[in-house]
Amino acid sequence: MSSTLSITSAVPDPALLDLPWQLPLESWPEETIAALPKGISRHLVRFVHLEGFVVAIKETTAELARREYEMLRTLQRLDVPCVEPVAVVTGRISADGEELAPALVTRHLKFSLPYRALYSQALRPDTATRLVDALALLLARLHLIGFYWGDVSLSNTLFRRDAGSFAAYLVDAETGKLYEGGLSNGQRENDLEVARINIAGELLDLQSGGRLDEAVDPVDIADGIVAAYRSLWRELTASETFPEAERWRIRERVERLNDLGFDIEELSIRKGDDGTSVRIQPKVVDAGHHSRRLLRLTGLDAGENQARRLLNDLDAYRAVRGKSDEDEEMVAHEWLVSVFEPVIRSIPRDLRSKLEPAEVFHQLLDHRWYLSQEQQRNVPLAEALTSYVDSVLRHRRDEVTVVGPQTSAITLPIAVVDDGEEDWRAKV
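Predicted model, so just to flag it, every value in this text is computed and none were measured. Numbering of residues starts from 1 in each chain and follows the order in which that chain's sequence is written. With the structure being a predicted model, the display of local features is reserved for residues of pLDDT at least 70 and the display and counting of side-chain atom pairs for 80 or more, all residues being used for whole-chain, interface and lining totals. Derived side-chain values reflect all non-hydrogen atoms in the structure, with water molecules and hydrogen atoms excluded from consideration.

A. Region of the structure containing the pairing of strand β2 (residues 45–50). We call a residue buried when its accessible area falls under 20% of the maximum for its residue type, exposed when it is over 50%, and partly exposed in between, using a 1.4 Å probe and counting protein chains only. Numbering of helices and strands runs from the N terminus, with a helix taken as a DSSP run of H or I at least four residues long and a strand as a DSSP run of E at least two residues long. For β2, a buried count of five out of six residues is recorded, marking the element as mostly surrounded by other parts of the structure. Strands are treated as partners if at least two bridges between them are detected by DSSP. Between β2 and strand β3 (residues 53–59), which pair antiparallel and follow one another directly, the connecting turn spans two residues, one of which, G52, has a positive phi of 90 degrees.

B. The sheet that holds strand β9 (residues 165–170), seen in detail. Here three strands make up an open sheet; going across it, the order is β6-β8-β9 and the pairing antiparallel. Edge strands, defined here as strands with exactly one partner in the open sheet, are β6 (112–113) and β9.

C. Highlighting the nonpolar core. If you look at the biggest cluster of nonpolar residues, it comprises 50 residues, and the most contacted ones within it are W149 and L170. Only α1 (62–77), α2 (125–144), β8 (157–162), β9, α3 (185–208) and α4 (218–237) provide two or more residues apiece to this core. Of all the elements, α2 adds the most residues to this core, at 10 residues. Ignoring any residue separated from it by four or fewer positions in sequence, one finds L170 in contact with L72, L75, P81, C82, V83, L138, L142, F147, W149 and N156. We define a nonpolar core as any set of buried Ala, Val, Leu, Ile, Met, Phe, Trp, Tyr and Cys residues linked to one another through side-chain atoms lying within 4.5 Å. Whether two residues are in contact is decided by their heavy atoms: any pair within 4.5 Å suffices.

D. Just unusual backbone geometry, in detail. Look at D79: it is not a glycine, yet its phi comes out positive at around 65 degrees. With a relative accessible area of 43%, D79 lands in the partly exposed category. Of note, F111 is a non-glycine position whose phi angle comes to about 65 degrees, a positive value. Locating F111 in the fold gives a position in the loop between β5 (103–107) and β6.

E. Representation of the side chain of E68. Looking at where E68 falls in the secondary structure, it is placed in helix α1. Among all residues touching E68, those that are not within four sequence positions of it are K58, L104, V171, D172, A173 and E174.

Just distances and angles here, no functional claims.
This is the structure:
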């Protein structure tokens, strides 16, 4: 390999040197390629096996690769859901001396799927709506930190299951820019309009290929991101005025924001000149209220909705066992070792790549509830676990990775069980 090859990485992985950088990406041997479902990209992107994990390699220009690499690192430091940057590779030369395109290397997000893979026979209306809601939440999080995306779309997003809903992750930051002073209303509106147009086009493309349920109106779904985003943004940033006698509304506002997964950094409360009204203005920090609490109490790293569900089970455990007055961290450790970990260890080894542990536990709780309703009795957790493994989990496709030789550029369909979830917009 030519000595001009340059690999820039915060944590260099020697295995990167073993990849065939002297070949154009489209010509890499099949044994290096991981066949994973992928979205639409303006650049050539391929998934590649690296020691112990999978990376996505995108051929682009040196300037764009370096810029996107640094932007993704910055977004990670700001705790924004996005793919992990691994390296920038430049100085690629073929065996006959031809200069090859530089590449950006990112780590594949385990258990994630592009929107085109989130269908079975066709993308159903409630699934399409939940994808757009997840993207609206991601866009609001980005705007809160002053990030202008510039190319908002389903194709530039990956989705992971999050307790019956979806969590969205930014994949392509090529057009993004971070503004320290925050975004203007015009910048936010432009991002929103780009999102609406791109989503309508992507869903119309699915419709033309027969992959969209007949009940889905692509334009209505695309317009939904505008409504979802505006409701969420208003809840996150709007001031609120109410009579002083209704001070309980301060706590209610905080709890609504917590339910959406956001913490309050600062709450400005001002009394009116007449002393009879109160005006509150929350200063919201990044999402992850429940995830951070679960991580602090148990060490479990889960999605926001998953964390909320696990915390609810932990709280129920405390109440049922009369431990509400005991130290929260001690009870959380007891719940972890006596409830959560035994469940995860009981999953057969050949089924552990089906879903993330937190998602398995969430679905098990749902399954137990349905069994209890059906049988009109309190079904023990162990009994529900056996039923869930045999009747649900065993029949799912693996979502950790879909690995095998890539035979074509066609997106690989993945059957997905479409679980219902309450629309978060009903809460705001």
